[in-house]
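This is what each chain is made of:
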Amino acid sequence: MLFLILTIIGSSCLSIVMRLSEGRISGKLSMLASNYIVCMFLAGAYIGTDNLIATGVGATSTFLMGGMNGFFYMISLVLTQQCIRKNGVVLSSVFAKMGSLLVPLVVAIRAFGEIPSILQIIGAILAMAAIIVINYDGKQETAKAHMLLLLLLLLEGCASSMSKIFGELGERALSGHFLLYTFTAAFLLSVIGAVYKKETFGMKEIFYGIMLGVPNFYASRFILKALETIPAVIVYPTRGVAVLLLVLLAGVFLFHEKLKKRQWVGICVVLLAVALLNI
């Protein structure tokens, strides 16, 4: 449970730093590239500079899964930006969060035979309901979902599911290499994107990139650890709604945002969902 709590804290810090960077940077991809450099450095320090290339059993599969995970990281980000332009922030946010919760659950149940209890199923349903309630906005209720939204849901879910897939099919001793390859692939793709968009690597982009990198790495590492001892049907919904709760509270206390009644209702639903998921 400790690792699940730590990954929730890391993921929440990641979202808060992203919120802090809004309006303060001019190059999002260059900031992400700086973030991935930090993640690569931490992953390299974790496995040792004399052991950066995995060898032996599972080396090839680790390389492939890590590279695929990095690809999902970046392509889902690009797709999110496109979805926001076409469908608005609300629908895009709902589909992205639902994907990161639903797809890992389906993978855990269908591919790896994890069977949630009745209370955990209710908790997962409440978690999805909370995501919709908190993100719902009446001003955009007439917006129509686009096929891009379904693709976003799938890609966000694939990115979230890769940790579970590696934990089941990969060599746990190579988890550090899995993270190194993930962040290396994401770094290369973000640099290509930054060059294509002619973004510059300014001091602000580097600063916020460093601030992102530390929680990003540890959130990724701790979820691998959490999945070693806790079923994915508990980890993913709990992480999803707990992070949502912490980010909302950070918005209130750090950014002085005012929550609407439906969001307070959503917070109550989140608390109930977390309780049911962990019974």
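Bear in mind the structure is a predicted one, so any value in this text is a computation, not a measurement.

This part takes up a nonpolar patch on the surface. A contiguous nonpolar surface patch, about 440 Å² in accessible area, is contributed by Ile118, Leu119, Ile121, Ile122 and Ile125. Following the sequence through the fold, Ile125 ends up in helix α4 (residues 118-135).

A full pass over the atoms with the stated rule returns ten aromatic pairs. Where Phe71 meets Phe72, the ring centres are 6.0 Å apart and the plane angle is 55 degrees; that geometry is what we call tilted. Here Phe71 falls in the partly exposed class, since its relative accessible area comes to 40%. Between Phe217 and Tyr218, the ring centres sit 5.0 Å apart and the planes meet at 80 degrees, which makes this aromatic pair edge-to-face. Exposure remark for Phe217: the relative accessible area of 1% places this residue in the buried category. Through successive ring pairs, a cluster of aromatic residues spans Phe3, Tyr36, Tyr73, Phe183, Phe217, Tyr218 and Phe222. Of note, Arg19 hangs over the ring of Phe255, and the distance from its end group to the ring centre comes to 4.4 Å.

This part is about the packing of helix α2 (residues 28-47) against helix α6 (residues 175-196). Here α2 crosses α6 at 160 degrees, and the two axes come no closer than 8 Å. By the criterion of interaxial angle, the relationship of α2 to α6 is roughly antiparallel. At the point where α2 passes α6, the crossing takes the left-handed sense. Split by residue class, the contact of α2 with α6 holds 17 nonpolar, eight polar and no charged.

Each value, and the rule that gives it
Residues numbered from 1 in each chain as written. Predicted model: local features only at pLDDT ≥ 70, side-chain atom pairs only at ≥ 80, totals over all residues. Heavy atoms only, no water. Patch = residues over 30% accessible without salt bridge, like charges linked within 9 Å, V, L, I, M, F, W, Y side chains within 5 Å. Areas by Shrake-Rupley, 256 points an atom, 1.4 Å probe, with all protein chains shown as cover. Salt bridge = Lys/Arg side-chain N within 4 Å of Asp/Glu carboxyl O. Helix = DSSP H or I, 4+ residues; strand = E, 2+ residues; numbered from the N terminus. Phe/Tyr/Trp six-rings, centres within 6.5 Å; stacked < 30°, edge-to-face > 60°. Buried < 20%, exposed > 50% of the residue type's maximum accessible area, 1.4 Å probe, protein only. Lys NZ or Arg CZ within 6 Å of the ring centre and 35° of its normal. Axes fitted to C-alpha atoms, helices over the stretch in contact; angles between N-to-C directions. Parallel < 35°, antiparallel > 145°, perpendicular 65-115°, else oblique. Left-handed = near helix turned anticlockwise from the far one by under 90°. Nonpolar A, V, L, I, M, F, W, Y, C, P; charged D, E, K, R; others polar.

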